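# Inside the fold
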Amino acid sequence: MRFVEIGMEEDHVHFLVQGVPNMSVSRIVMIIKSITAKQIFKSFPKMKQEILWGGALWTSRFYANTVGLYASRDTIMRYIQNQGKNEKDYKKIYESQPELDFGG
């Protein structure tokens, strides 16, 4: 997996991820949620007990779209960047270029 863009709003996060075709979208989401929760709880140990009362950082819900027949990379990127009530609501916190390796 490779993170192409990460952005955030007040109550949720947007990830544009380049994955491998043999990994399901739900598996990719599960991995992202697991790794980020572990890192946030490691960096902010009081959060889990004092703020979340021992609960989970992420909900079980997510929205995902894939690049392919119905949406291009640019379409999905525009969707992510146009989130929020106005431009100030969305904050880009990471951006990189995708790297494609077709094993040639």
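Details of the structure are given in the entry above.
Let me sum up the structure you'll find in this document. These numbers come from a predicted model, not from an experiment. (Residues numbered from 1 in each chain as written. Predicted model: local features only at pLDDT ≥ 70, side-chain atom pairs only at ≥ 80, totals over all residues. Heavy atoms only, no water.)

A word on the overall build of the chain. When its secondary structure is counted, the chain shows 3 helices and 3 strands. Partitioning the contacts of the chain with sequence separation of at least 6, the portion at a separation of at least 24 is 56%. Accessible surface, the chain: about 8400 Å² in total, of which carbon and sulfur atoms supply 56%. (Helix = DSSP H or I, 4+ residues; strand = E, 2+ residues; numbered from the N terminus. Contact = heavy atoms within 4.5 Å. Areas by Shrake-Rupley, 256 points an atom, 1.4 Å probe, with all protein chains shown as cover.)

Attention now goes to the environment of Met30. Relative to the helices and strands, Met30 resides in helix H1 (residues 25-43). Relative accessible area serves as the criterion here: at 47%, Met30 is assigned to the partly exposed category. (Buried < 20%, exposed > 50% of the residue type's maximum accessible area, 1.4 Å probe, protein only.)

This paragraph deals with the sheet that holds strand E2 (residues 13-18). Taking strand neighbours across the sheet as the criterion, the 3 strands line up as E2-E1-E3 in an open arrangement whose pairing is antiparallel. Two strands in the sheet have a free side with no partner beyond their single neighbour: E2 and strand E3 (91-95). Strand-to-strand twist in this sheet, taken as the mean axis angle between neighbours without regard to direction, amounts to 15°. Pairing geometry for strand E1 (residues 2-8) and E2, over 6 bridges, is antiparallel. The residue of E2 that forms the bridge with Gly7 is His14. (Pairing = 2+ DSSP bridges. Axes fitted to C-alpha atoms, helices over the stretch in contact; angles between N-to-C directions.)

Bringing the pairing of E2 into the picture now. Burial along E2 is one-sided: the face carrying His14, Leu16 and Gln18 is buried and the face carrying Val13, Phe15 and Val17 is not. Joining the antiparallel neighbours E1 and E2 is a turn of 4 residues.

Turning our attention to H1. Helix length check: H1, at 19 residues, gives a terminal C-alpha distance of 27 Å against a target of 27 Å (1.5 Å per residue), a fit within 8%. Those residues of H1 that sit buried are Ile28, Val29, Ile31, Ile32, Lys33, Thr36, Ala37 and Phe41. Residues of H1 that are buried in the fold lie against E1, E2 and helix H2 (45-51). (Expected span 1.5 Å × (residues − 1).)

Moving on, we come to the nonpolar core. Counting 7 residues, the largest nonpolar core consists of Val4, Leu16, Ala71, Ile76, Met77, Ile80 and Tyr90. The element contributing the most residues to this core is helix H3 (residues 73-81), with 3 residues. (Core = buried A, V, L, I, M, F, W, Y, C linked by side-chain atoms within 4.5 Å.)

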